[in-house]
Amino acid sequence: QAQLAESGGGRVQAGDSLRLSCAASERSLNTYHMAWFRQAPGKEREFVAVLFRTSGNTYYTDSVKGRFTISEDNSNGMVYLQMNDLKPEDTAVYFCAATDRAYDDYRRTSRYGFWGQGTQVTVSS
């Protein structure tokens, strides 16, 4: 089965930046719509951002608007999450996910059939 793999997490100070990357093991996922979710300790996994590849539209959760940017590299199918002005509340394990349909309820984890293992992002104050 096709897999996703995240990279780029780490430990940073508040105000710093990180760029997360998501790579697919098979080219078949390069046409899927891609999203980033995160899960903080003791909390449910939450939606962060989505990129609809057919339209190019992107959507973000309110808490990251203006700070995070989801993008793709068409040459290799990679998907990125550029995170600027990081805050301690951004601390979480970040997951990339893929879906073959542009659902209206794209914030629901159940809409995504492929997930990576996650990468830890820790932001200290």
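This one's a predicted model, so the numbers in the text were calculated from it and none came from an experiment.

### Some remarks on the packing of aromatic side chains
The full count for this structure, using the stated rule, is 10 aromatic pairs. When the ring of Phe37 is compared with that of Tyr112, the centres are 5.2 Å apart and the planes differ by 75 degrees; the resulting orientation is edge-to-face. One end of the pair, Phe37, is in strand β4 (residues 33–39); the other, Tyr112, is in the loop between β9 (92–99) and β10 (114–115), and 75 residues separate them in sequence. Aromatic ring contacts, followed pair by pair, group Phe37, Phe47, Phe52, Tyr59, Phe95, Tyr106, Tyr112 and Trp115 into a single cluster. Directly above the ring of Trp115 sits Arg45, whose terminal nitrogen or CZ lies 4.9 Å from the centroid. The ring of Tyr103 carries Arg111 above its face, with NZ or CZ at 4.3 Å from the centroid.

### Details of the nonpolar core
In terms of nonpolar packing, the biggest core is built from 29 residues, with Trp36, Leu81, Met83 and Tyr94 touching the most fellow members. Those elements that provide at least two residues to this core are β3 (18–24), β4, β5 (46–51), β7 (68–73), β8 (78–83), β9 and β11 (119–124). With residues up to four places along the chain from it excluded, the contact list for Tyr94 reads Glu6, Leu20, Trp36, Phe37, Arg38, Val48, Phe68, Leu81, Met83, Gly118, Thr119 and Val121. Judged by nonpolar contacts, the second largest core, of eight residues, contains Ala35, Val50, Phe52 and Tyr106.

### Considerations on the sheet that holds strand β1 (residues 4–7)
As summarised here, the arrangement of the four strands in space is β1-β3-β8-β7, forming an open sheet in which the pairing is antiparallel. Of all strands in the sheet, those with a lone pairing partner are β1 and β7, marking the two edges. Strand-to-strand, the axes of this sheet are offset by a mean angle of 20 degrees, without reference to chain direction. Examined bridge by bridge, β1 and β3 share four bridges and lie antiparallel to one another. Looking across to β3, one finds that Glu6 is bridged to Cys22.

Conventions used here
- Residues numbered from 1 in each chain as written.
- Predicted model: local features only at pLDDT ≥ 70, side-chain atom pairs only at ≥ 80, totals over all residues.
- Heavy atoms only, no water.
- Phe/Tyr/Trp six-rings, centres within 6.5 Å; stacked < 30°, edge-to-face > 60°.
- Helix = DSSP H or I, 4+ residues; strand = E, 2+ residues; numbered from the N terminus.
- Lys NZ or Arg CZ within 6 Å of the ring centre and 35° of its normal.
- Core = buried A, V, L, I, M, F, W, Y, C linked by side-chain atoms within 4.5 Å.
- Buried < 20%, exposed > 50% of the residue type's maximum accessible area, 1.4 Å probe, protein only.
- Contact = heavy atoms within 4.5 Å.
- Pairing = 2+ DSSP bridges.
- Axes fitted to C-alpha atoms, helices over the stretch in contact; angles between N-to-C directions.

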